[in-house]
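Results of the structural survey
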Amino acid sequence: MSDSVPTPPLSAAEALRLADRAGAAARRPGEVPRWYGPAFAFAFAAYGLGIGQVVETGQFVMIAVLAGGFAALTGVLARVAVRSDGIVRRGVPDGIGGPVALAVLAVCAASAAGMLLAWQAGGGPRWIGGAAGLAAGLTFWVGTDRLNRRVRRSQEAG
């Protein structure tokens, strides 16, 4: 015995409209996963601290190793985000290129400002690298949060 309520069959036109709505919803971009910003913030901070440590100790060969590790870690994070049906998997929505470019510039500017402030405060390479990484990471985190809000608004409007 079934507890379901019988429903009348859909007409062909109703089924096509329902399929079109489902298809549009599937193509609508998703948000960047919530863990993405904090994970990248940690990666940037660790990379900045590592670079500061390498410069302080004079082991400049390690810069390539750190850059490779940072690239591998952020690549894995991006891949997991894509597989978790984030914004990249469904396609980049219209009008998002500008805000993304501004976010990249903001990360670079924050990193430079962090380095300058640490240097002006008399910090050594460790402090300068750490400040740069921390500022870049926090700015990236804020940028992903703003991107999510923008995507959410576009989803609600469309």
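Residues numbered from 1 in each chain as written. Predicted model: local features only at pLDDT ≥ 70, side-chain atom pairs only at ≥ 80, totals over all residues. Heavy atoms only, no water.

1. Remarks on the packing of aromatic side chains
Per the stated rule, a full pass over the model turns up 8 aromatic pairs. Here the aromatic rings of Tyr36 and Phe140 are separated by 6.0 Å at their centres, their planes lie at 50°, and the arrangement is tilted. Here the residue Tyr36 occupies a position in helix 2 (residues 36–57), and Phe140 occupies one in helix 6 (residues 125–157), the gap between them amounting to 104 residues. Residue classification places Tyr36 among the buried positions, given a relative accessible area of 14%. Taking the relative accessible area as the measure of exposure, Phe140 reaches 18% and is therefore buried. Their ring planes at 50° and their centres at 5.8 Å tell us that Phe44 and Phe140 sit as a pair that is tilted. A residue pair is termed long-range when its members are at least 10 positions apart, and Phe44 in helix 2 and Phe140 in helix 6 qualify at 96 residues. For the pair shown, Phe44 and Phe140 are each scored as buried. Taken together, the ring pairs connect Trp35, Tyr36, Phe40, Phe44, Tyr47, Phe70 and Phe140 into an aromatic cluster. (Phe/Tyr/Trp six-rings, centres within 6.5 Å; stacked < 30°, edge-to-face > 60°. Helix = DSSP H or I, 4+ residues; strand = E, 2+ residues; numbered from the N terminus. Buried < 20%, exposed > 50% of the residue type's maximum accessible area, 1.4 Å probe, protein only.)

2. Brief notes about helix 3 (residues 62–83)
Taking 1.5 Å as the rise per residue, helix 3 with 22 residues should run 32 Å; its terminal C-alpha atoms sit 31 Å apart, in good agreement. Buried within helix 3 we find Phe70, Thr74, Leu77 and Ala81. Around the axis of helix 3, the buried residues are gathered within 55° of arc, so they sit on the same side. For helix 3, exposure combined with an orientation more than 90 degrees from the buried face picks out Ala64, Val76 and Arg83. Structurally, helix 3 contributes buried residues whose contacts are with helix 2. (Expected span 1.5 Å × (residues − 1). Arc of directions from axis to C-beta. Contact = heavy atoms within 4.5 Å.)

3. Thoughts on the packing of helix 2 against helix 3
Helix 3 packs onto helix 2 with a crossing angle of 175° between their chain directions and a minimal axis gap of 10 Å. When the axes of helix 2 and helix 3 are compared, the pair comes out roughly antiparallel. Contacts between helix 2 and helix 3 pair Tyr36, Ala39, Phe40, Ala43, Phe44, Tyr47, Gly50, Ile51 and Val54 from the former with Met62, Ile63, Leu66, Ala67, Phe70, Leu73, Thr74, Leu77, Ala78 and Ala81 from the latter. Of the residues belonging to the contact of helix 2 with helix 3, the class tally is 17 nonpolar, 2 polar and no charged. (Axes fitted to C-alpha atoms, helices over the stretch in contact; angles between N-to-C directions. Parallel < 35°, antiparallel > 145°, perpendicular 65-115°, else oblique. Nonpolar A, V, L, I, M, F, W, Y, C, P; charged D, E, K, R; others polar.)

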